[in-house]
Amino acid sequence: MLEIHPSYPALASVAEKYPTHQGSLFQTYNDILLAQQWRDVQVIDLVLCKRGALQGRRPRTAADADLLLHIVPCSLAESISLAWIQDVFAALANPPSIYLAVVSDDSSIVYYKLSSGIVKPSI
């Protein structure tokens, strides 16, 4: 039924290539685009990780509005490893950080900011 949603064409090529991950990609895409109102949202094919990811910019009112940010959706039921996270960073050309969007069965999404290496948290 995802195919009839207005946002599906933007996701179609990656969603059809990785059908087991299309639900989390669909939920995350619609959340950041419609609810959080990100700009310049694009779908990226992470061939090495066999899934789609998203990149975009926060709304203009955000302090980091000009930064290009990356989000990798996954399901709460998935098992991920440090090697997988390293592969994601490598596939995205090693950005300073990424957001892992963990989608649960009830469609709620929790975003975790992951940094490459050890980063001192802001206080």
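Residues numbered from 1 in each chain as written. Predicted model: local features only at pLDDT ≥ 70, side-chain atom pairs only at ≥ 80, totals over all residues. Heavy atoms only, no water.

Per an unreviewed UniProt entry, the chain carries the name tRNA intron endonuclease and comes from Lentinula lateritia.

Q: Before we go on, may I ask you to explain the overall build of the chain in this structure?
A: The secondary structure content of the chain amounts to 3 helices and 5 strands. The linear arrangement of helices and strands in the chain, starting from the amino end, is α-α-β-β-β-α-β-β. Over its C-alpha atoms the chain spans a radius of gyration of 14 Å, differing by no more than 12% from the 14 Å that the globule rule assigns to 123 residues. Dimensions of the chain, computed from the C-alpha atoms along their principal axes, are close to 45 × 35 × 25 Å. Burial analysis of the chain (123 residues in total) assigns 39% to the buried set. Approximately 7400 Å² of the chain is accessible, and the part contributed by carbon and sulfur atoms is 57%. Across the chain, the centroid of the 9 positively charged side chains sits 10 Å from that of the 11 negatively charged ones. (Helix = DSSP H or I, 4+ residues; strand = E, 2+ residues; numbered from the N terminus. Rg over C-alpha atoms; globule rule 2.2 N^0.38 Å. Buried < 20%, exposed > 50% of the residue type's maximum accessible area, 1.4 Å probe, protein only. Areas by Shrake-Rupley, 256 points an atom, 1.4 Å probe, with all protein chains shown as cover. Lys, Arg positive; Asp, Glu negative; His and termini not counted. Charge placed at Lys NZ, Arg CZ, Asp CG, Glu CD.)

Q: Looking at this model, I keep getting lost on the sheet that holds strand E4 (residues 97–103). Mind explaining?
A: Adjacent strands of a sheet pair through backbone hydrogen bonds, lying either parallel or antiparallel. Spatial strand order, E1-E2-E3-E4-E5: 5 strands in an open sheet with mixed pairing. What marks the edges here is a single partner per strand, and that holds for strand E1 (39–46) and strand E5 (109–115). The sheet shows a mean angle of 30° between the axes of neighbouring strands, direction not considered. Contacts from helix H1 (residues 8–17) reach E1 and strand E2 (51–57), with the element oriented near 20° to E1. (Pairing = 2+ DSSP bridges. Axes fitted to C-alpha atoms, helices over the stretch in contact; angles between N-to-C directions. Contact = heavy atoms within 4.5 Å.)

Q: Help me understand the nonpolar core in this model?
A: The nonpolar side chains of a soluble globular protein tend to be buried with one another. Counting residues in hydrophobic clusters, the biggest one holds 17 residues, and the most contacted among them are Leu11, Ile32, Trp38, Leu54 and Ile71. Here the element with the most residues in this core is H1; it accounts for 5 residues. Formed by 14 residues, the second largest nonpolar core is a distinct cluster that contains Ile44, Val72, Val88 and Leu100. (Core = buried A, V, L, I, M, F, W, Y, C linked by side-chain atoms within 4.5 Å.)

Q: Looking at this structure, how should I read the layout of surface pockets?
A: As a volume, the largest pocket reaches approximately 150 Å³. Lining the largest pocket are Asp64, Leu67, Leu68, Leu69, His70, Pro95, Pro96, Ser97, Tyr99 and Lys113. For the lining of the largest pocket, the elements supplying multiple residues, two or more each, are strand E3 (69–75) and E4. Partitioning the lining of the largest pocket into residue classes produces 6 nonpolar, 2 polar and 2 charged. (1 Å grid on protein atoms, 1.4 Å probe; cavity = no way out; pocket = protein on both sides within 12 Å on 5 of 7 lines; lining within 4 Å. Points joined across faces, edges and corners; volume = space filled by probe spheres on them. Nonpolar A, V, L, I, M, F, W, Y, C, P; charged D, E, K, R; others polar.)

Q: Help me understand the pattern of salt bridges in this model?
A: Close approach of charged atoms lets side chains of opposite charge pair. Per the counting criterion, the structure on display carries 4 salt bridges. With its nearest N and O atoms 2.7 Å apart, the salt bridge here joins Asp45 to Lys17. Remark: Lys17 occurs in helix H1 and Asp45 occurs in strand E1; sequence separation between them is 28 residues. Residue class for Asp45 comes out partly exposed when judged on its relative accessible area of 29%. Overall, Lys17 belongs to the partly exposed group, its relative accessible area being 46%. Across the salt bridge formed by Arg58 and Asp64, the nearest N and O atoms sit 3.1 Å from each other. (Salt bridge = Lys/Arg side-chain N within 4 Å of Asp/Glu carboxyl O.)

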